Amino acid sequence: MNSERRLTSAAIRTRKGERFPVMTAYDAPFARCAEDAGIDVLLVGDSLGMVVLGYSSTAPVELVDMVRHTGAVVRGTRRAHVIADLPFATYEASDADAVRASLALVKAGAGSVKLEGGVRSAARIAAIVSAGIPVCAHIGVLPQTAANDAGFRRKSDAEALSGDARAVEAAGAFAVVLEMVDAAVSAGITASLGIPTIGIGSGPDCDAQVLVLHDALGLYADAPPFAKRYAELAASATEALKTYAGEVRAGTFPVRS
Ligand code: KIV
């Protein structure tokens, strides 16, 4: 890792008012593709659990999974800022837990960590920031606890969401993800905060946009409707593998010398 050359959270903070792309990444080769495409903010999301590890939610993801995949993304890139998700049940119980788990992700090479929750997570954000680790917040739909809340229904309570946004900014977050927040509410929050908002399914007026890599590349069958598909890699991979299988069965690969 060459951390001096990496984009810092402070530099991302100064992008307030610019439009910039963020993409999730979980392994070295796709992280390199994203960086080569000019995307310099990568999120090792705990969506890992669904799109890579085959779980039906993010809840089973362990810290050790995030550490392993964060390391892979860092090794696959040179300049990108890597944000790593704190997985469910690693930060809720105490500030000490939150700092310990964040340190493990930083040791793996993360430039910052992300955790879910607005007002209710503000104290944890402040504790992690006090330990010297930059934090990206995440409000709106919160996948780790969506099953106990309203599920994956769009959030539109402007007062509650604005309160969450103000709380995470005051706690020291350098950016905030808005997941499935009503577009007009997102626009209002974006205009009122001094830190960049990173939208996912939250309309066009956020400072940045993030998509789950496997949704954007057509690698995940259950992508949400707001996730535009920029490629159909699952179909291409299946076709390529069919060709390989056919050639082996026909005896045309490998070629006799
Ligand atoms: O885990 C993840 O990929 C995320 C994004 C949906 C923002 O948190």
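Residues numbered from 1 in each chain as written. Predicted model: local features only at pLDDT ≥ 70, side-chain atom pairs only at ≥ 80, totals over all residues. Heavy atoms only, no water.

Draft legend 1. The nonpolar core, seen in detail. With 55 residues, the main nonpolar core has Leu 42, Leu 86, Ile 125, Ile 128 and Val 176 as its most contacted residues. Looking at this core, the element that brings in the most residues is helix α7 (residues 158-171), giving 5 residues. By size, the runner-up hydrophobic cluster in this structure holds 15 residues, among which are Ile 12, Val 22, Leu 43 and Phe 174. (Core = buried A, V, L, I, M, F, W, Y, C linked by side-chain atoms within 4.5 Å. Buried < 20%, exposed > 50% of the residue type's maximum accessible area, 1.4 Å probe, protein only. Helix = DSSP H or I, 4+ residues; strand = E, 2+ residues; numbered from the N terminus.)

Draft legend 2. Examining the layout of surface pockets more closely. Reported here for the largest pocket is a volume of approximately 470 Å³. Surrounding the largest pocket, 25 residues form its lining, Ser 47, Pro 143, Glu 179, Ile 200 and Val 212 being those nearest its centre. Breaking the lining of the largest pocket down by element, the ones donating at least two residues are α3 (48-51) and β6 (175-179). Put simply, the parts of the chain that give the lining of the second largest pocket at least two residues each are β1 (20-24), β7 (197-200) and β8 (208-211). The residue inventory of the lining of the second largest pocket, partitioned by class, reads 11 nonpolar, 5 polar and 1 charged. (1 Å grid on protein atoms, 1.4 Å probe; cavity = no way out; pocket = protein on both sides within 12 Å on 5 of 7 lines; lining within 4 Å. Points joined across faces, edges and corners; volume = space filled by probe spheres on them. Nonpolar A, V, L, I, M, F, W, Y, C, P; charged D, E, K, R; others polar.)

Draft legend 3. Representation of the packing of aromatic side chains. Within the structure shown, the criterion is met by 1 aromatic pair. Ring plane angle 65 degrees and centroid distance 6.3 Å describe the contact between Tyr 244 and Phe 253, whose orientation is recorded as edge-to-face. By relative accessible area, which is 47% here, Tyr 244 ends up partly exposed. The ring of Phe 20 carries the charged tip of Arg 15 above its face, separated from the ring centre by 5.3 Å. (Phe/Tyr/Trp six-rings, centres within 6.5 Å; stacked < 30°, edge-to-face > 60°. Lys NZ or Arg CZ within 6 Å of the ring centre and 35° of its normal.)

Draft legend 4. Up close: the state of the cysteines. Enumeration according to the criterion identifies 0 disulfides in this entry. No disulfide involves Cys 206; its sulfur sits 12 Å from that of Cys 136, the nearest cysteine. (Disulfide = S-S within 2.5 Å.)

Draft legend 5. Structural view of empty space enclosed by the protein. Summed over all chains, the structure comprises 1 cavity of 30 Å³ or more. For the largest cavity, the calculated volume is near 40 Å³. Grouping the amino acids of the lining of the largest cavity by side-chain chemistry returns 7 nonpolar, no polar and 1 charged.

Draft legend 6. Just the side chain of His 69, in detail. Tracing the backbone through its elements, the reader meets His 69 in helix α4 (residues 63-75). Residue contacts for His 69: discarding those within four places in its chain leaves Tyr 26, Val 44, Leu 48, Val 52 and Leu 53. (Contact = heavy atoms within 4.5 Å.)

Draft legend 7. Here's a closer look at helix α10 (residues 233-250). Compared with an ideal rise of 1.5 Å per residue, which puts 18 residues at 26 Å, α10 spans 25 Å between its outermost C-alpha atoms and is within 8% of the ideal. Among the residues trailing α10, Gly 251 stands out with phi positive, at a value near 75 degrees. (Expected span 1.5 Å × (residues − 1).)

Draft legend 8. Structural detail: unusual backbone geometry. The step from Phe 253 to Pro 254 runs through a cis peptide bond, and the omega angle for that step is -5 degrees. With respect to the helices and strands, the residue Pro 254 is situated in the segment after α10. Phi is positive for Ala 89, close to 75 degrees, though the residue is something other than glycine. Turning to its location among the elements, Ala 89 is positioned in the loop between β3 (81-85) and α5 (95-107). Assessed through its relative accessible area of 57%, Ala 89 is described here as exposed. A positive phi angle, near 50 degrees, is found at Met 180, a position not held by glycine.

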